[in-house]
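Reading the structure
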Amino acid sequence: MSAPTPFWSYRAVDGAGRRHRGVLAAASPAMVVRTLEAHGLVVVETAPARGSGAAGVGLDWHPGTRRDVLEATRAVGALLAAGVPLPRSLATAAAIVPGRVARALDGIRAGVASGESLTASLAHHPRLFSPLYLGVVRAGERSGRLAESFLALAAQLERSDRLRARLLSASIYPLILSVAGMAAVGVLLFVVLPRFAELLADTRATLPRSTASLLAFADVLQGGWPWLLATLLGVLAAASLAARTVAGQRARASAILALPVVGGIRRYALAGQLARVLGVLLAGGTALLGALEEAQDSLADPLARDEVARVRRRVRDGASLGTAIAEGSLFPPALARLVAVGEEGGALEPFLARAAEICEEKADRSLQRLASLVEPGMILLLGGLIALVAMALLQAIYGVDAGAFR
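Everything numeric in this text was worked out from a predicted model, so none of it was measured.

1. Things to note about the overall build of the protein
The helix and strand tally for the protein stands at 15 helices and three strands. When the 406 residues of the protein are sorted by exposure, 38% land in the buried category. Expressed as a percentage of contacts within the protein between residues at least 6 apart in sequence, the contacts between residues at least 24 apart total 60%. Looking at the protein as shown, the accessible area adds up to about 22,100 Å², and 62% of this sits on carbon and sulfur atoms.

2. Focus on the nonpolar core
Counting residues in hydrophobic clusters, the biggest one holds 65 residues, and the most contacted among them are Leu-105, Leu-118, Leu-321, Phe-331 and Leu-335. Broken down by element, the residue count for this core peaks at 11 residues, all from helix 10 (residues 262-283). Sequence-distant contacts of Leu-335, defined by excluding residues within four places in its chain, comprise Ala-271, Leu-274, Ala-275, Ile-325 and Ala-355. In terms of nonpolar packing, the next biggest core, distinct from the first, is built from 13 residues, Leu-188, Leu-215, Leu-393 and Ala-396 among them.

3. Quick look at the packing of aromatic side chains
Counted according to the given criterion, the structure contains two aromatic pairs. Here Phe-129 and Tyr-133 contribute two aromatic rings whose centre-to-centre distance is 4.9 Å and whose plane-to-plane angle is 50°, an arrangement assigned as tilted. In this structure, Phe-129 and Tyr-133 share a single accessibility class: buried. Arranged with centres 6.4 Å apart and planes meeting at 80°, the rings of Tyr-133 and Phe-150 form a pair that is edge-to-face. Pair noted here: Tyr-133 is in helix 6 (residues 131-143) and Phe-150 is in helix 7 (residues 146-201), with a separation of 17 residues, a long-range link. In this pair, the class of Tyr-133 matches that of Phe-150, namely buried. Feature note: the residues Phe-129, Tyr-133 and Phe-150 constitute an aromatic cluster, connected by ring pairs.

4. Some points on the packing of helix 9 (residues 246-258) against helix 12 (residues 302-316)
For the pair helix 9 and helix 12, the least separation of the axes is 8 Å and the interaxial angle reads 90°. One finds that helix 9 runs roughly perpendicular with respect to helix 12. Where helix 9 approaches helix 12, its residues Gln-249, Arg-250, Ala-253, Ser-254 and Leu-257 are matched on the opposing element by Pro-302, Leu-303 and Asp-306. Among the residues forming the contact of helix 9 with helix 12, the class breakdown is four nonpolar, two polar and two charged.

5. As for the confidence of the model for the protein
When pLDDT is averaged along the protein, the result is 77, and 81% of the positions lie at 70 or above. Contacts of residues 1-5 to residues separated by more than four positions or lying in other chains number four contacts, the stretch itself having pLDDT below 50. Counting interchain partners and residues more than four positions distant, the pLDDT-below-50 stretch residues 49-63 has 44 contacts.

6. Focus on helix 11 (residues 288-298)
Every buried residue belonging to helix 11 is among Ala-291, Leu-292, Glu-294, Ala-295 and Ser-298, and all of these are buried. Along the axis of helix 11, the buried residues cluster in a sector spanning 165°; they form a single face. Along its buried surface, helix 11 packs onto helix 6, helix 10, helix 12 and helix 13 (321-327).

7. Re the packing of helix 2 (residues 65-81) against helix 3 (residues 86-96)
For the pair helix 2 and helix 3, interaxial distance at closest approach is 9 Å and the crossing angle is 145°. Crossing hand, helix 2 versus helix 3: right-handed. On the side of helix 2, the interface is formed by Glu-71, Ala-72, Ala-75, Val-76, Leu-79 and Leu-80, while helix 3 contributes Leu-86, Ser-89, Leu-90, Thr-92, Ala-93 and Ile-96. Classifying every residue of the contact of helix 2 with helix 3 by side-chain character gives nine nonpolar, two polar and one charged.

8. Some thoughts on the pattern of salt bridges
With the rule as written, the count across this model stands at 13 salt bridges. A salt bridge links Arg-354 to Glu-357; the shortest N-O distance between them is 3.0 Å. Within this pair, Arg-354 and its partner Glu-357 are both found in helix 15 (residues 348-404), separated by three residues, close to a single helical turn. Since its relative accessible area comes to 41%, Arg-354 is described here as partly exposed. Overall, the relative accessible area of 34% leaves Glu-357 in the partly exposed class. Through salt bridges with shared partners, a single network forms among Arg-67, Glu-71, Arg-74 and Glu-158.

Analysis parameters
- Residues numbered from 1 in each chain as written.
- Predicted model: local features only at pLDDT ≥ 70, side-chain atom pairs only at ≥ 80, totals over all residues.
- Heavy atoms only, no water.
- Helix = DSSP H or I, 4+ residues; strand = E, 2+ residues; numbered from the N terminus.
- Buried < 20%, exposed > 50% of the residue type's maximum accessible area, 1.4 Å probe, protein only.
- Contact = heavy atoms within 4.5 Å.
- Areas by Shrake-Rupley, 256 points an atom, 1.4 Å probe, with all protein chains shown as cover.
- Core = buried A, V, L, I, M, F, W, Y, C linked by side-chain atoms within 4.5 Å.
- Phe/Tyr/Trp six-rings, centres within 6.5 Å; stacked < 30°, edge-to-face > 60°.
- Axes fitted to C-alpha atoms, helices over the stretch in contact; angles between N-to-C directions.
- Parallel < 35°, antiparallel > 145°, perpendicular 65-115°, else oblique.
- Nonpolar A, V, L, I, M, F, W, Y, C, P; charged D, E, K, R; others polar.
- pLDDT = per-residue confidence, 0-100.
- Arc of directions from axis to C-beta.
- Left-handed = near helix turned anticlockwise from the far one by under 90°.
- Salt bridge = Lys/Arg side-chain N within 4 Å of Asp/Glu carboxyl O.

Here it is, written out as structure tokens:
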């Protein structure tokens, strides 16, 4: 079987002095030079496999960065499973995705070729590869099951992508509904109700308490909206700055877990991440204490890292993994039960994989259910606001009629 045609990056200039950069598939650098010269370009530099197969200075405008990471992950996993060496797998993956992800993969390939670990090379691109991604790859490197790790990551990213698409499609209508409803409430409060109050002023009728309260509220909003807007922007800026600190991250994580429905979804998602990483590590032969340490580093949530550290200390002191997890309150009881069954049967790794699937499916279903409840909730909320304004208007009208016929 013939070897695949390699990819070459190039830098060139045209007759007007404009610079061009891109990637071209060719048998040799000389072929790249001849091909570009035929298009009126003078080649300045060529190098092996730098970037994607699309020409141009850059493709960072590409809207599917997450999708590109997914495609690259799936390609690397399939190539590694077929026995292709890691550097060539990375170069091939870089050739099938555009822009930013391709350039990142090219840098990762260069780092691996120079002796750097794959995890360390991936860590140079935190905006593309999350701590969980790094944790699963690190687990695959240490266990010798790198292909399985990439395939598991591809499946996880695919599930996340499908869920994100479903949530986006489910949120479009509530968003439109909320904008239209708030616009209707704004017209009633700031246009209809004040003009109606001016008409009632000539009748010397006493406004009902509900109508007077709404008018006072509308006056406050009309006169103080710059201050309210500045306060809102200040709160958002303070929250953004606080989220960059350790204390702020812990406070945000605690707030999410304290929410009635979202907190439960978050617990199942964290449990799925922990079970996934532990299963990959243990299946590759990593000891349980070492696997827990690696899993702790792979989690982005600070409270989850603290909980895994506590579980590791309990296991080191002699407790079973299922017992140590059950003693905490962060992860759902289903994880502790499945782990305990796996430990009793001597099949912890497959039960961890099953626990990861169950927890991830539970989190996905709960998110979909929550998204489906947003629409009727928005309808009830906006309908209630409009009904409140309408009732205030009707009460004022009834008051004028009653005074007119006395």
